[in-house]
Amino acid sequence: MNILLAYNGTDVADRALERAAQLARLYEAKLVVTSVTPVVVGDVPTMEPGPELRHADERLRELGVEAELVEAIGDIASAVVEVADTRDVGLIVIGTREPSQVERMLGHSVSEQVQRMARCDVLIVH
């Protein structure tokens, strides 16, 4: 089984990283880590691992876990699901924070969007 960690460098993403590392070790699974850059008009995207992925990789190595790093571009939820689909992932691990009332009304929770769109299981880490 492959596990995908959606990582953005926040405290909650660090908790999700810890959980994904535990699961990867427990199930001897391949861990894929993605960080998504929203589309910026006029920017020339690079597919090299950015600072968030480098940080995740460093922390995972400290935990004894190797991971494939995948930079993604676009709408965050859609990009996470696309990476999961292309890497034959059986589980997506994503952190969440408590959304504000306005974010809830507008449906701006990335973790909820990923949960609705994904074709595999999603573990939302609080």
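Presented here is a report on the structure given in the accompanying data block. (Residues numbered from 1 in each chain as written. Predicted model: local features only at pLDDT ≥ 70, side-chain atom pairs only at ≥ 80, totals over all residues. Heavy atoms only, no water.)

## Some details on the side chain of Ser35
Mapped onto the secondary structure, Ser35 falls in strand E2 (residues 30-37). Residues contacting Ser35, with those up to four places away along its chain left out, are Tyr7, Glu52, Leu53, Val70, Glu71 and Ala72. (Helix = DSSP H or I, 4+ residues; strand = E, 2+ residues; numbered from the N terminus. Contact = heavy atoms within 4.5 Å.)

## Focus: unusual backbone geometry
Even without glycine at this site, Glu28 takes up a positive phi of about 50°. For Glu28, a relative accessible area of 75% gives the class exposed. Positioned with a positive phi, Asp88 is a non-glycine residue whose angle comes to about 50°. Within the fold, Asp88 resides in the loop between helix H3 (76-86) and strand E4 (89-95). (Buried < 20%, exposed > 50% of the residue type's maximum accessible area, 1.4 Å probe, protein only.)

## Observations concerning the pattern of salt bridges
Counting across every chain of the model gives six salt bridges. Notably, a salt bridge pairs Arg59 with Glu18, separated by 2.9 Å at the nearest N-O pair. Of this pair, Arg59 sits in helix H2 (residues 51-62) while Glu18 sits in helix H1 (residues 11-27), placing them 41 residues apart in sequence. In this structure, Glu62 and Arg59 form a salt bridge, with 2.9 Å as the shortest nitrogen-oxygen distance. On the criterion of helical spacing, the pair formed by Glu62 and Arg59 is a turn pair, its members being three residues apart in helix H2. Using a relative accessible area of 54% as the deciding quantity, one classes Glu62 as exposed. (Salt bridge = Lys/Arg side-chain N within 4 Å of Asp/Glu carboxyl O.)

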